[in-house]
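Architecture at a glance
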Amino acid sequence: MLLGGGTAQATTAINTLERIKATGVLRVGYGDTAPFSYMDGQSNKVVGYSIDICQRLAEQLQKQLNLPSLDITYVPRTPSNRIMLLNSGDIDIECNASTNTPERRRSAQFALSHFFVSVRYVALQQNNFKTLQDLAGRSVSVARGTVNVGQINQANRQQQLNLSVVPVDTLQQAFDLVADERVAAFAMDDILLSTMIAESDNPERYALSDEAVSPMEPLGFMMRLGDDAFAEQVNTALEQIYTSTDMPLLYQRWFQQPLPGKGITLNVPMSAMLAEHFVSPR
């Protein structure tokens, strides 16, 4: 899903493990992307599928590093500033829903995946758009700082769609352009689009495309380039978490039960690909 700025040389001298041991704090970046991470307005707490995993990650790291305690400080991040926040040390790990791509790995390293998505587009039901060819000659919104910008541009070139690509700053702005009939479609990860449709005032107005813009891709937590010792500890911890008997229940909480503070239920069962991955995450 989300792509940040940065370069292949955007490494830092920060030793995360040493800082965690000295401070007893893990700095976690979160977003506004339910069900992965978001602020629950009712409880005023940061919650989500990714956050639940990262809370268990902190507990496991505390054990692995023999620390008396390990607290979490939550730091809001956006698609465009998260690499900067990683490199500056404002966050140690981004616990959200970033797509693990070769391009992204030039700016950050990824933990073991926690979800798989394909990119589709949302459009108004009344227009009956199903495929990329249905959008030929029309406008498509995308969120700046996401891999979807490159994906839709690539599809545009390869299929000669003559699309007008409209970049905006947030996912909600991109969705609102569809709602206001100012663009024909909005391209984004299918699970996030399903959540935004369910949260809208009139969900039956919208439909997801039948055709995917991209094949299935892994989502993972981002960490700083060059911080290999920390990344290895994180992956060791996540392997314990993903293979535990609690993992299916954790998934059900966020994808098959009502979302806290949202009043919606996604009803998305675990895919065979994700279930197989959790059996052997490495």
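Residues numbered from 1 in each chain as written. Predicted model: local features only at pLDDT ≥ 70, side-chain atom pairs only at ≥ 80, totals over all residues. Heavy atoms only, no water.

**Considering the state of the cysteines**
Cut-off, in case you're wondering: For the purposes of this analysis, a disulfide is any pair of cysteine sulfur atoms at a distance within 2.5 Å. Under the DSSP-based scheme used, a helix requires at least four consecutive residues in state H or I and a strand at least two consecutive residues in state E, with every element numbered from the N terminus.
All chains considered together, the criterion is met by 1 disulfide. The partner cysteine of Cys54 in its disulfide is Cys95, sulfur to sulfur 1.7 Å. Here Cys54 and Cys95 share a disulfide; its torsion about the S-S bond, -85°, makes the bridge left-handed. Here Cys54 is found in helix α2 (residues 49–64), whereas its partner Cys95 is found in strand β5 (residues 93–99), with 41 residues between them in sequence.

**Describing helix α4 (residues 148–159)**
An α-helix turns once every 3.6 residues. As a result, residues three or four positions apart point the same way. Put simply, the test is: In a helix, the anticipated span is given by 1.5 Å times the number of residues less one. For every residue, the accessible area (1.4 Å probe, protein chains only) is compared with the maximum for its type, and the residue is labelled buried under 20%, exposed over 50%, or partly exposed between those bounds. The directions from the helix axis to the C-beta atoms are what the arc is built from. Any pair of residues with heavy atoms lying within 4.5 Å of one another is described as a contacting pair.
Counted at 1.5 Å a residue, the expected span for α4 with its 12 residues is 16 Å, and the 16 Å between its end C-alpha atoms agrees. Restricting attention to buried positions, one finds in α4 the residues Asn148, Gln151, Ile152, Ala155 and Asn156. Looking straight down α4, one finds that the buried residues subtend no more than 135° of arc, so they occupy a single side. The exposed residues of α4 that point more than 90 degrees off its buried face are Arg157 and Gln158. Buried residues belonging to α4 abut β8 (119–124), β9 (139–143), β10 (164–168), β11 (185–189) and β13 (217–223). Phi turns positive, to about 50°, at Gln160, one or two residues after α4.

**Some details on the UniProt feature "domain: Solute-binding protein family 3/N-terminal" (unreviewed entry) in the chain**
Cut-off, in case you're wondering: UniProt positions are given in the numbering used here, feature names are shortened, and annotations may be inferred rather than shown by experiment.
The sites that carry the UniProt feature "domain: Solute-binding protein family 3/N-terminal" (unreviewed entry) are, in the present numbering, residues 25–258. In residues 25–258, helix accounts for 33% and strand for 26%; the two terminal C-alpha atoms are 31 Å from one another.

**A closer look at the side chain of Ser118**
The test is simple: A 3.5 Å cut-off defines polar contacts: any pair of N or O atoms within that distance qualifies, except that in protein one atom must be a possible hydrogen donor and the other a possible acceptor, and neighbouring residues in sequence count only when both atoms are side-chain atoms.
Structurally, the position occupied by Ser118 is in the loop between β7 (115–117) and β8. In terms of polar contacts, Ser118 uses its side chain to reach the side chain of Asp190, at 2.8 Å. Residues contacting Ser118, with those up to four places away along its chain left out, are Met188, Asp189, Asp190, Ala212, Ser214, Pro215 and Met216.

**Overview of the sheet that holds β11**
Our working definition: For two strands to be treated as a pair, DSSP must find at least two bridges joining them. Interaxial angle, 0 to 180 degrees, is taken between N-to-C directions of lines fitted to C-alpha atoms, where a helix line uses only the stretch in contact.
Taking strand neighbours across the sheet as the criterion, the 5 strands line up as β10-β9-β11-β8-β12 in an open arrangement whose pairing is mixed. A single partner strand is all that each edge strand has here, and the edge strands are β10 and β12 (206–208). Neighbouring strand axes in the sheet, compared pairwise and without regard to direction, differ in orientation by 30° on average. Pairing geometry for β9 and β11, over 2 bridges, is parallel. The residue of β11 that forms the bridge with Val140 is Ala185.

**Things to note about the domain arrangement of the chain**
Quick reminder of the rule: Domain borders in the structure are assigned automatically or taken from a domain database. What counts as buried area is the accessible surface, traced by a 1.4 Å probe, that two parts surrender upon association, with contributions from both included.
One can read the domain layout of the chain as domain 1 (16–116 + 217–279) and domain 2 (118–216). Distance between the C-alpha centres of domain 1 and domain 2: 26 Å. Taken together, the 21 residues of domain 1 in the interface contact 15 residues of domain 2. Buried surface at the junction of domain 1 and domain 2, summed over both partners, amounts to about 1,400 Å²; 66% is from carbon and sulfur atoms.

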